[in-house]
Amino acid sequence: MTGREGGSRRFERTTSVVTGAAGGIGAAISRRLAAEGSHVVVCDVDADAADRLVAELLSSGADAESCVFDLLDPAACAAVVEEVVGRRGSVEVLVNNAGINRRGDLLSLTPEDWDLSFSVNVDAMFHMCRAVLPSMVSARRGSVVNTASQWGLSPAPGHLAYNVSKAAVVAFTKNLARDYAPHNVRVNAVAPGEIRTPMLEAGLARSGRTVAELDALVPLGRIGRPEEVAALVAFLASDEAPFICGSVVEITGAQAVA
Ligand SMILES: NC(=O)c1ccc[n+]([C@@H]2O[C@H](COP(=O)([O-])OP(=O)(O)OC[C@H]3O[C@@H](n4cnc5c(N)ncnc54)[C@H](O)[C@@H]3O)[C@@H](O)[C@H]2O)c1
């Protein structure tokens with residue numbers, strides 16, 4: 001699946017910055033935006049995976065570049081965006097998708113895991129938005145989509161740092177939307193349930209559970225695919241959603257958090 005089933009080109013003449021772009025959901029988002037005509041800046045700390053994805057996108061005739069930096073470095077976030085805006089003139093779409101999932105309840109989680117969860121899942125989103133918003137505001141055009149999680153709305157047990165940091169993504173999204181809607185910058189979030197990606201596979205390896213077991217818990221009969229989240233992100237980012245702002249859209253196959 002290429003992510004271009006409809007063949008639409010909603011992102012012609014746009015530049016999109018995607019974080020965590022080399023991971024499971026991020027790669028699907030990058031493929032979708034690129035397939036629909038955007039120049040995609042594939043941001044990830046994993047240089048090999050980012051370069052592989054960009055090579056794939058370029059060979060399919062899409063337009064992309066890789067941008068390897070650590071989101072834990074606020075100066076790098078600012079410098080990357082400044083360079084991209086300077087060279088491209090504008091950034092129309094920012095997808096804050098990078099995230100990590102550190103397991104543990106209050107007493108088993110380490111303070112380091114708590115801090116790291118907030119640094120990647122929340123602080124990086126803050127720094128990327130601080131860097132990108134000025135150019136969107138001056139253009140009076142832009143769309144930000146943040147990857148929250150269903151667990152940020154309804155917590156799964158034993159994932160305190162992840163759940164609370166994703167709740168912060170939800171709150172951040174709604175706050176930013178209210179502040180920047182008057183500038184015609186829309187801010188939304190997606191809240192996925194279980195999606196089959198390297199992050200999910202790592203969780204399964206730790207717990208000894210199987211994909212089939214997870215599939216059986218979902219009323220639609222299976223866990224989600226990265227391409228399905230990417231389609232939602234692309235819709236929210238596109239001009240097809242001009243009145244959707246400050247929304248957090250769940251994508252879960254009707255699964256409730258167990
Ligand atoms: N997979 C799921 O079931 C699921 C469910 C709900 C929400 N999410 C969210 O979706 C997003 C993507 O998850 P995924 O499953 O594709 O994960 P993934 O682990 O496959 O991808 C995450 C990517 O982020 C990058 N990254 C991590 N830390 C970074 C840093 N400091 N600097 C730069 N890049 C960094 C990684 O290199 C990786 O490529 C995350 O925010 C995650 O919390 C995933």
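Residues numbered from 1 in each chain as written. Predicted model: local features only at pLDDT ≥ 70, side-chain atom pairs only at ≥ 80, totals over all residues. Heavy atoms only, no water.

Colleague: Which parts of the structure should I look at to understand the pattern of salt bridges?
Modeller: Where charged atoms of side chains with opposite charge meet at close range, the side chains can pair. The tally for this structure, following the rule as stated, stands at 11 salt bridges. Glu36 serves as the salt-bridge partner of Arg10, at 2.8 Å between the closest nitrogen and oxygen. One end of the pair, Arg10, is in the segment before β1 (15-19); the other, Glu36, is in the loop between α1 (24-35) and β2 (39-44), and 26 residues separate them in sequence. When its relative accessible area of 22% is taken as the criterion, Arg10 is described as partly exposed. (Salt bridge = Lys/Arg side-chain N within 4 Å of Asp/Glu carboxyl O. Helix = DSSP H or I, 4+ residues; strand = E, 2+ residues; numbered from the N terminus. Buried < 20%, exposed > 50% of the residue type's maximum accessible area, 1.4 Å probe, protein only.)

Colleague: Could you clarify how one ought to interpret the site of the ligand in this entry?
Modeller: The environment of the ligand is made up of 28 residues, and the closest members are Ile25, Asp44, Asn97, Tyr162 and Thr197. A distance of 2.9 Å separates an oxygen atom of the ligand from a polar atom in the backbone of Gly24. Separating a nitrogen atom of the ligand from a side-chain N or O atom of Asp70 is a distance of 2.9 Å. Here the ligand has 830 Å² of accessible area as a free molecule, and 89% of this is covered by the chains. Among the secondary structure elements, those contributing two or more residues to the shell around the ligand are α1, α5 (160-180) and α6 (198-207). In terms of residues, the shell around the ligand owes the most to one element, α6, which gives three residues. Classifying every residue of the shell around the ligand by side-chain character gives 15 nonpolar, nine polar and four charged. (Near = heavy atom within 4 Å. Polar contact = N/O pair within 3.5 Å; in protein donor to acceptor, adjacent residues only side chain to side chain. Areas by Shrake-Rupley, 256 points an atom, 1.4 Å probe, with all protein chains shown as cover. Nonpolar A, V, L, I, M, F, W, Y, C, P; charged D, E, K, R; others polar.)

Colleague: I would appreciate a short explanation of empty space enclosed by the protein in the present structure.
Modeller: It is the rolling of a water-molecule-sized probe over the atoms that shows where space remains empty. Using the criterion set out here, one finds two cavities of 30 Å³ or more in the structure. Estimates place the volume of the largest cavity at around 70 Å³. Asn96, Ala98, Val120, Asn121 and Met125 are the residues nearest the centre of the largest cavity, which is lined by 14 residues in total. For the lining of the largest cavity, the secondary structure elements donating two or more residues are α4 (111-139), β5 (142-147) and α5. Ranked by residue count, the leading element in the lining of the largest cavity is α4, at five residues. Considered class by class, the residues forming the lining of the largest cavity number seven nonpolar, six polar and one charged. (1 Å grid on protein atoms, 1.4 Å probe; cavity = no way out; pocket = protein on both sides within 12 Å on 5 of 7 lines; lining within 4 Å. Points joined across faces, edges and corners; volume = space filled by probe spheres on them.)

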